[in-house]
Amino acid sequence: MFQTDSIVALSTPPGRSGIGVIRISGPDAIDILRQLTESPTSDPQPNLLTLKKIVNPSSGEVLDQALVCIFKGPHSFTGEDVLELHCHGSPVVLRAVVDAVLKLNARLANPGEFSLRAVANGRMQLTEAEAIRDLIDAQTDHAVRQATRQLEGEISQRLKPAKDSLLRIIVRLESSLEFVEDDVPAVEQDQILKTLESLRTDLTALARTFSHGRLLHDGLVVALVGRPNVGKSSLFNKLLGHSRAIVTDIPGTTRDTISEPVDMSGVPVVLIDTAGVRCSTDEIERLGIDRTRQKAADADLVVAIFDGSTALTAEDEIVLSEVETKQHVIAINKNDLETFSSDGFLHRPVVIDTCVDSVPVSAKTSAGLDNLRAAILKPFDQGNSSAQGLLITNARHHDLLTRAIAELESSVRSVRERASEEFTLVGLHNALRFLGQITGETTTEEMLGQIFSTFCIGK
């Protein structure tokens, strides 16, 4: 497939824009350009943008005036001849040009097929191709930096010493099996054990970064709940940094859910403001309260908000009972008031799980907001919030690392028990194979297809 057909796709997002880029890759790319520009003999200089008229080869009609660029294989993104057409960003124009290309021995690209060809042709490793997807999907500056590190091959560089060490040990043990007179002496076995334990420790430390890496990659959905007039919408606006929800002194102002993305310490968080929970005869408000309960059930974390300047009410009790089975944080609002008390909500004790953070805040003065943000991230971060190095952000990478570590542990036990080299080699071969699957060296074609199906078309 990689050598016999040419593919085409729009590489810029659909819709109107100043420029729309159409990408073509494959053995017919240059011939397609010649027919589109009616230049059968003179090709533009590679790696240089050239202004050309794009025509419909069937009718001779001029479709657009575009900048074209040829990237000759193997020195291109895919390793094949690649053609880019920088057209005007009208959906009508772009569709017409793509249709013309499809009539010139090309087909529409599958999701991620350009990147798949790059991996198949040795232009990049699998982790680097996945980093392209993550870079496109990144929602925060931290996520961009991590994707950029992976795009530069940092995961491959981090795993290479481990794979080299495993390979050396495998060769030595295989040699011992092949030549009886070349048995591994006790001193060398101790050195092998020490190396394997060091590899296991190093890979385990890398795997543990996934708790924070997953936050950067996937983000969180956080719902703010509470009875009416405790300051949910005010806190929502303060956490966002701008006024998004309507705030009044009238209880029940918020009738529906409002969601907005926000960056919390580099973690993409979708905040949801909800209708106040109370008994109501208003049909519209009841529908809003039903949506509140649904959003709270679906959220990764619930922030239960209470008014610390007044006594706990029956409606507060309902909120507490509904969030106690969810991952939640308690925010006690209005600590700027003289009547505020975070101990028992002023007039009566409140039984709060000691494992749950209870944070005094003020939606008016912004006091305590940093503590609230930290409390929101704490249950998911496991102490890695300050991690500045390489993070594992991909669940596939984490799963394969975990499997490789388990195989190393099996081999470590075999060496300690002075078992036959054959038992040790089983775990070592499996660990090396799992590490190779991360970078794509030992990944099956079926698995590659599943991975690249998650990419957007045109990448």
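None of the values given here were measured: they were computed from a predicted structure.

Peer 1: Can you help me understand the sheet that holds strand β2 (residues 17–25) in this one?
Peer 2: Strand pairs in the sheet, formed through backbone hydrogen bonds, run parallel or antiparallel to each other. Reading across from one edge, β3-β4-β5-β2-β1-β6 is the order of the 6 strands in this open sheet, with mixed pairing throughout. In the strand order of this sheet, the two ends are held by β3 (50–55) and β6 (106–108), each with one partner. On average, each strand axis in the sheet is inclined to that of its neighbour by 35°, with strand direction left out of account. Here helix α3 (residues 113–120) sits on the sheet in contact with β1 (6–10), β2 and β6, set at roughly 135° to β1.

Peer 1: When you look at the packing of helix α13 (residues 395–416) against helix α14 (residues 421–439) in this model, what are you seeing that I'm missing?
Peer 2: Helix-helix packing is characterised by the crossing angle of the two axes and by the distance between the axes. Viewed as axis vectors pointing N to C, α13 and α14 meet at an angle of 165°, and their least axial separation amounts to 8 Å. One finds that α13 runs roughly antiparallel with respect to α14. Note that α13 runs across α14; the crossing there is left-handed. Counting all contacts with α13, which are made through Arg396, His397, Leu400, Leu401, Arg403, Ala404, Glu407, Leu408, Ser411, Ser414 and Val415, the residues of α14 involved are Phe423, Thr424, Val426, Gly427, Leu428, Asn430, Ala431, Phe434, Leu435, Gln437 and Ile438.

Peer 1: What exactly am I supposed to notice about the side chain of Asn394 here?
Peer 2: Structurally, the position occupied by Asn394 is in the loop between α12 (369–381) and α13. Discounting residues that sit within four places of it in the chain, Asn394 has contacts with Glu130, Arg133 and Phe210.

Peer 1: Could you clarify how one ought to interpret α3 in this entry?
Peer 2: Burial analysis of α3 places 7 of its 8 residues in the buried class, which makes it a mostly covered element. Residues of α3 that are buried: Glu113, Phe114, Ser115, Leu116, Arg117, Ala118 and Val119. One or two positions beyond α3, positive phi appears at Gly122, with a value near 75°.

Peer 1: Could you clarify how one ought to interpret the environment of Val426 in this entry?
Peer 2: You can see Val426 is positioned in helix α14. Distance from Val426 to Ile170, taken between C-alpha atoms, is 9.6 Å for residues 256 residues apart in sequence.

Peer 1: Got a minute to help me understand the nonpolar core in this structure?
Peer 2: Taken as a class, soluble globular proteins show a tendency for nonpolar side chains to be buried jointly. Counting 31 residues, the largest nonpolar core has Val222, Met264, Val269, Leu271, Val303 and Leu372 as the members making the most contacts within it. When residues of this core are assigned to their parent elements, the largest contribution, 6 residues, is made by α12. In terms of nonpolar packing, the next biggest core, distinct from the first, is built from 30 residues, Ala162, Leu166, Leu206 and Leu435 among them.

Peer 1: How should I be thinking about a nonpolar patch on the surface in this particular structure?
Peer 2: Together, Leu49, Leu51 and Leu67 line one region of the surface with nonpolar side chains, adding up to about 260 Å² of accessible area. Its location among the elements puts Leu67 in strand β4 (residues 62–71).

Peer 1: Any chance you could explain the packing of aromatic side chains here in plain terms?
Peer 2: The description of an aromatic ring pair uses the distance of the two centres, along with the angle that the planes make with each other. Taken as a whole and assessed by the stated rule, the structure comprises 0 aromatic pairs. Sitting over the face of the ring of Phe77, Arg23 holds its NZ or CZ atom 5.2 Å from the ring centroid.

Peer 1: Even after reading the chapter, I still don't get the pattern of salt bridges, so can you show me in this structure?
Peer 2: Opposite charge on two side chains allows them to pair when their charged atoms are near. The final tally for this structure, using the stated rule, is 18 salt bridges. Between Arg117 and Glu80 there is a salt bridge, with its nearest N and O atoms 3.0 Å apart. Taken together, the residues span a long stretch of sequence, with Arg117 in helix α3 and Glu80 in the loop between β4 and β5 (82–89) at a distance of 37 residues. Put simply, Glu113 and Arg107 hold a salt bridge, and the shortest N to O gap is 2.6 Å. Here Glu113 falls in the buried class, since its relative accessible area comes to 2%. Relative accessible area serves as the criterion here: at 25%, Arg107 is assigned to the partly exposed category. Through salt bridges with shared partners, a single ionic network connects Asp5, Glu80, Arg107, Glu113 and Arg117.

Peer 1: In this structure, what is going on with the pairing of strand β9 (residues 267–273)? I would like to understand it.
Peer 2: As a general feature of sheets, a regular strand has side chains that alternate between the two faces. Of all 7 residues making up β9, 6 are buried, and the element is well covered by its neighbours. With 5 bridges connecting them, strand β7 (residues 220–225) and β9 associate as parallel partners. Bridged to Leu224 within β9 is Asp273. Bridging between strand β8 (residues 258–264) and β9 involves 7 bridges; their strand directions are antiparallel. Following the sheet pairing, Asp263 is matched in β9 by Pro268. In sequence, β8 turns back onto β9 through a hairpin of 2 residues, with Ser265 there showing a positive phi of about 55°.

Parameters and conventions
Residues numbered from 1 in each chain as written. Predicted model: local features only at pLDDT ≥ 70, side-chain atom pairs only at ≥ 80, totals over all residues. Heavy atoms only, no water. Pairing = 2+ DSSP bridges. Helix = DSSP H or I, 4+ residues; strand = E, 2+ residues; numbered from the N terminus. Axes fitted to C-alpha atoms, helices over the stretch in contact; angles between N-to-C directions. Contact = heavy atoms within 4.5 Å. Parallel < 35°, antiparallel > 145°, perpendicular 65-115°, else oblique. Left-handed = near helix turned anticlockwise from the far one by under 90°. Buried < 20%, exposed > 50% of the residue type's maximum accessible area, 1.4 Å probe, protein only. Core = buried A, V, L, I, M, F, W, Y, C linked by side-chain atoms within 4.5 Å. Patch = residues over 30% accessible without salt bridge, like charges linked within 9 Å, V, L, I, M, F, W, Y side chains within 5 Å. Areas by Shrake-Rupley, 256 points an atom, 1.4 Å probe, with all protein chains shown as cover. Salt bridge = Lys/Arg side-chain N within 4 Å of Asp/Glu carboxyl O. Phe/Tyr/Trp six-rings, centres within 6.5 Å; stacked < 30°, edge-to-face > 60°. Lys NZ or Arg CZ within 6 Å of the ring centre and 35° of its normal.

As far as function goes, none of this settles anything; it's purely spatial.
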